[in-house]
Each structure stands twice: as C-alpha cells, then as structure tokens.
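Structural description and commentary
The primary structure of each chain is shown beneath.
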Amino acid sequence: MNLKIIDDFLSSYHADTFIRIFDGEHRGEGGFPWFFVTNLNNERSLGNYYFNHILIDKEQIYYNRNQLSIFNPLLDMLKVPISDVYRLKVNLYPWTQRRIHHKSHTDYPSGFDLTTALYYVNDNDGVTIFDGKKTVKSKKNRVVLFDGSIRHHSTTPTKDNYRCTINIDYKKKK
C-alpha cells in the first residue's frame, strides 16, 4: 500500500483560512453550505451520518470557477489544474460519544488512473483507516496521497466538535 503523508502542506495562513471557512465562522453571506447525508456509504444505521458538499463530481462542476477559488492554494500545492479534478468534496463528521467506524469504501474502481488527496482541515481524534492495515490520524494541515481504489474508511471524533476533510480525486500526473 503506497501512502504519502505530508504535514504542514499549506502555509499556516491558508490552513487557518480553511478552518474559518468550514467551521461556521462566516455566517450568512460567504458562509459555506453543508448538506446532511443520513446514509454514509449507502448504509443506514444509527449514527451513520455526516455533512458534505460536493463541488465537482466526474467533471460536472456544481460551483462557478470563482467560487472554487478557495481551493486554489490546495490545488496549487498539488500542482493540479481544476480541469484535472475528477471529484472535489468537503466532509464534516460531527462529534459522537463513542467512535463510529464508517463502512469501508473506495473512491473509484481500480484502473481509473486517478490519485486521491485527503486534506485534514482540523486537529481531532478521528482517523482514516486504509485497508485495515494503516491508520492516519487527523492532523490540521496534513495531506495523505493515495490510490483511491484502495479500501478505506473514516471515523467520527469523540474529543472534538467535528472532523473536517477535503477529498480531491484527480488525474494522475504523467
């Protein structure tokens, strides 16, 4: 399993900006909208919910390019033009009393020639578990790069109000 973990991926200014955008500090005009999903990974069970916002999905853009500009620092560091993004979504997992392990999944089937970047917006005690073998802790301004066809899953935080990640699937660099 090939995972590349990079800490301090963005400048502290950009890392802090993501927190301000996603944690509700910008209420009303300019606030970030969240969508409630009650069946995470198509599994309905108590506590298996989260909030997300899909901005790009399979080259369908749901926001105008100007609104997508908040992600430019991340895309610039990845050296990925917006035209190479297959999917871009933001996830927010609320606090739970006990850690909930979500169902393992893949971001796309094997052979798609894509890379996944999972950017951790905030410090929290949630984790990402890859194929049951490798655990990556949620650490503010950390990114993990991996083949999204590898099975993985998220967990909820139990010591923090939320866990926020940015998930970008993009065309592999030649």
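In what follows, the structure referred to is the one given above.
What comes next is a walk through the structure.

Conventions and cut-offs
- Residues numbered from 1 in each chain as written.
- Predicted model: local features only at pLDDT ≥ 70, side-chain atom pairs only at ≥ 80, totals over all residues.
- Heavy atoms only, no water.
- Salt bridge = Lys/Arg side-chain N within 4 Å of Asp/Glu carboxyl O.
- Helix = DSSP H or I, 4+ residues; strand = E, 2+ residues; numbered from the N terminus.
- Buried < 20%, exposed > 50% of the residue type's maximum accessible area, 1.4 Å probe, protein only.
- Pairing = 2+ DSSP bridges.

As for the pattern of salt bridges
- What the rule picks out here adds up to 7 salt bridges.
- As a salt-bridge pair, Asp-7 and Lys-139 come within 3.5 Å of each other at their nearest N and O atoms. Residue Asp-7 is found in the loop between β1 (4-6) and α1 (12-22), and its partner Lys-139 is found in the loop between β8 (134-137) and β9 (142-146); the two are separated by 132 residues along the sequence.
- Given the relative accessible area of 32%, Asp-7 is considered partly exposed.
- Residue Lys-58 pairs with Asp-57 through a salt bridge whose shortest N-O separation is 3.9 Å.

Concerning the pairing of strand β7 (residues 127-130)
- Every second residue of β7 is oriented toward a common face, with Val-127 and Ile-129 on one face and Thr-128 and Phe-130 on the other, all of them buried.
- Summarising the sheet, β7 and β8 pair through 4 bridges and their orientation is antiparallel. For Phe-130, the partnering residue across the bridge sits in β8 and is Lys-134.
- The hairpin turn running from β7 into β8, its antiparallel successor, is 3 residues long, and Asp-131 in that turn takes a positive phi close to 50 degrees.

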